[in-house]
Structure formats: C-alpha cells, structure tokens
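Here is what each chain is made of, one letter per residue.
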Amino acid sequence: MAVTCLLGLSFLALELKEFASLVARGAGPSRSSFLSAFFTLVGCHGLHVSIGILWLLTMMAQVFAKGFRADIERRILCFALFWHALDIIWVALFTVVYLMGAAR
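Residues numbered from 1 in each chain as written. Predicted model: local features only at pLDDT ≥ 70, side-chain atom pairs only at ≥ 80, totals over all residues. Heavy atoms only, no water.

Undergrad: Teacher, can you tell me more about the packing of helix 2 (residues 33–66) against helix 3 (residues 70–103) here?
TA: For any two helices packed against each other, the geometry comes down to the angle between their axes and how far apart the axes lie. Interaxial distance between helix 2 and helix 3 falls to 10 Å at its minimum, and their mutual angle equals 160°. Between helix 2 and helix 3, the interaxial angle falls into the category roughly antiparallel. Between helix 2 and helix 3 the crossing geometry is left-handed. Here the contact of helix 2 with helix 3 is composed, by residue class, of 22 nonpolar, five polar and two charged. (Axes fitted to C-alpha atoms, helices over the stretch in contact; angles between N-to-C directions. Helix = DSSP H or I, 4+ residues; strand = E, 2+ residues; numbered from the N terminus. Parallel < 35°, antiparallel > 145°, perpendicular 65-115°, else oblique. Left-handed = near helix turned anticlockwise from the far one by under 90°. Nonpolar A, V, L, I, M, F, W, Y, C, P; charged D, E, K, R; others polar.)

Structure follows, in structure tokens:
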C-alpha cells in the first residue's frame, strides 16, 4: 500500500510538472481546444488519483489501527477496484491524448 501511495504521488508530481511546463511555454488551456481538452481530461484524472491517495492513506491508517478485519478488507477491495479503474482510464487517456495527439 505504501508503494502504491508513493507511485501515485510520483505520478501527480510528474503531471503537475508537465502542466507547469506547458503553461510556462504559453500552451495553457485557453490557447486551443486540444489543450483545453488535454488539461481537462488529464487534470480530472489527476484529481481522481488525488482522491484515491487520500482513500489509500485512510485505508492504511485503518489497517494500522484495527488490523485486517473483514470490513477493512472489503474496503481495501473496493479501493483496489477504484484504483484499477483509474489505471484503465489512464491507458485510454494516454493512447488518445499522448499517442494519437503526437501523431497530428
């Protein structure tokens, strides 16, 4: 769980660095419809990753405080479904925004 948290935080740091770099070069969301969609889609995904990290930290605190009880294990499974859904969405976003966008 700690490794997942660190990887999620690293992802967010890279995303924020990319956003700052684009804005510094004058490629902000108001420049074009592609950039507007880019910032919206990737930013929304980043928001959900942030929510997932908060959820993960909550789960970690519950495991430390109460152990792996049945109710906590169920919550961890629900979190895992959420996190893997974000993975699937990221693959789709990466394909459409980065790979197909670079081909244009």
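Moving on, there is more to tell.
Undergrad: Where do I start with the packing of aromatic side chains in this structure?
TA: To describe a pair of aromatic rings, you give the distance between the ring centres and the angle between the ring planes. By the definition in use, this model includes 12 aromatic pairs. On the numbers, 4.9 Å between centres and 85° between planes, the contact of Phe11 with Trp90 is edge-to-face. Taken together, the positions of Phe11 in helix 1 (residues 2–24) and Trp90 in helix 3 put the pair 79 residues apart, joining distant regions of the chain. When its relative accessible area of 22% is taken as the criterion, Phe11 is described as partly exposed. Centre to centre, the rings of Phe34 and Phe38 are 6.5 Å apart; their planes meet at 20°, and the pair counts as stacked. Here Phe34 pairs with Phe38, and both are found in helix 2, just four residues apart, close to one helical turn. A relative accessible area of 43% places Phe34 in the partly exposed class. Taken together, the aromatic side chains of Phe11, Phe19, Phe34, Phe38, Phe39, Trp90, Phe94 and Tyr98 make up a single cluster linked through ring pairs. (Phe/Tyr/Trp six-rings, centres within 6.5 Å; stacked < 30°, edge-to-face > 60°. Buried < 20%, exposed > 50% of the residue type's maximum accessible area, 1.4 Å probe, protein only.)

Distances and angles like these do not, on their own, reveal function.
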